[in-house]
Amino acid sequence: MRLFVAVVPPESVLEHLDEFLSVRREAKDRSDGLRWTVPDQWHLTLAFMEDVAMRHLDDLVERLGRAAHRRTPFELGFAGGGAFPNAARAKVLWLGVEAEEAARTELDRLATGARAAATKAGAEVAGGRFRPHLTLARLGRPQEVTKWVRLLDAYAGPRWTADEFALVESHLGEGPRKRPRHEVLETFELRPADHRPASPA
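Residues numbered from 1 in each chain as written. Predicted model: local features only at pLDDT ≥ 70, side-chain atom pairs only at ≥ 80, totals over all residues. Heavy atoms only, no water.

A. Summary view of the pattern of salt bridges. This structure, assessed with the given rule, holds six salt bridges. Its salt-bridge partner being Glu62, residue Arg66 comes within 2.6 Å of it at the nearest N-O pair. A residue pair is termed a helical-turn pair when its members lie 3 or 4 positions apart in one helix, as Arg66 and Glu62 do in helix 2 (residues 57-69) at four residues. According to the relative accessible area criterion, Arg66 is partly exposed, its value standing at 38%. The salt bridge partner of Glu98 is Arg159, with a shortest N-O separation of 3.6 Å. A residue pair is termed long-range when its members are at least 10 positions apart, and Glu98 in strand 5 (residues 90-98) and Arg159 in the loop between helix 4 (146-153) and strand 7 (160-162) qualify at 61 residues. Judged by its relative accessible area of 38%, Glu98 is partly exposed. Among the residues examined, Arg159 registers a relative accessible area of 32% and is labelled partly exposed. Residues participating in the shared-partner salt-bridge network are Glu75, Glu98 and Arg159. (Salt bridge = Lys/Arg side-chain N within 4 Å of Asp/Glu carboxyl O. Helix = DSSP H or I, 4+ residues; strand = E, 2+ residues; numbered from the N terminus. Buried < 20%, exposed > 50% of the residue type's maximum accessible area, 1.4 Å probe, protein only.)

Right, here's the structure in full:
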């Protein structure tokens, strides 16, 4: 199973971003080679697992549930942009995350908890350190995207409260135009601070 753990923004946030991008995509040269992701698959990845055996799934779900109960809801939004590995030779165009320091810490800890849950359940987590971002487009070959990064730097989306995350299975090539098809397997609610057990004296 190809799985990822992610925070999925609410519909209003996705619509705001889609409207911002639609006008600018239409105004730009369509030969720029960008393969745009679609709004119904936009998410903030916390952990990605490329190949998970089915026998690990129940343990993974249980451990992710525990990780969710250790974290409280937090407010964040999307703002600014960038590219991996850089704007001069980009292979991925992304949108950044904006949050207050406490919320950013909570997001980082949530990602750490999700990754630890996966590892303990026997699911290998792919990629390096957590760098929160929303993937907007991919490029078949590295190229210059400075114009797009500058446009994204002007974007600041609406804030929302992240109070849950999802475990999603990605079915490669099964969506429209050979895109992946995403299937939410489970959602996990974060526990509000006033519902967390008190620390022992």
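Next comes the rest of the description.
B. Summary view of the environment of Asp58. For Asp58, the location among the structural elements is in helix 2. Separated by 83 residues in the primary sequence, Asp58 and Arg141 have C-alpha atoms spaced 39 Å apart.

C. Molecular detail of the packing of aromatic side chains. This structure, assessed with the given rule, holds five aromatic pairs. A centroid spacing of 4.7 Å and a plane angle of 50° characterise the contact between Phe20 and Tyr155, whose relative ring orientation is tilted. One end of the pair, Phe20, is in helix 1 (residues 11-27); the other, Tyr155, is in the loop between helix 4 and strand 7, and 135 residues separate them in sequence. With a relative accessible area of 13%, Phe20 lands in the buried category. When the centroid spacing of 5.4 Å and the interplanar angle of 40° are considered together, the rings of Phe78 and Trp160 count as tilted. Note that Phe78 is positioned in strand 4 (residues 74-84) and Trp160 in strand 7, a separation of 82 residues in sequence. As far as the burial class goes, Phe78 and Trp160 line up, both buried. A cation sits over an aromatic face here: Arg24 above Phe20, 3.9 Å from the ring centre. (Phe/Tyr/Trp six-rings, centres within 6.5 Å; stacked < 30°, edge-to-face > 60°. Lys NZ or Arg CZ within 6 Å of the ring centre and 35° of its normal.)

In short, the description is geometric, and any link to function would need to be established separately.
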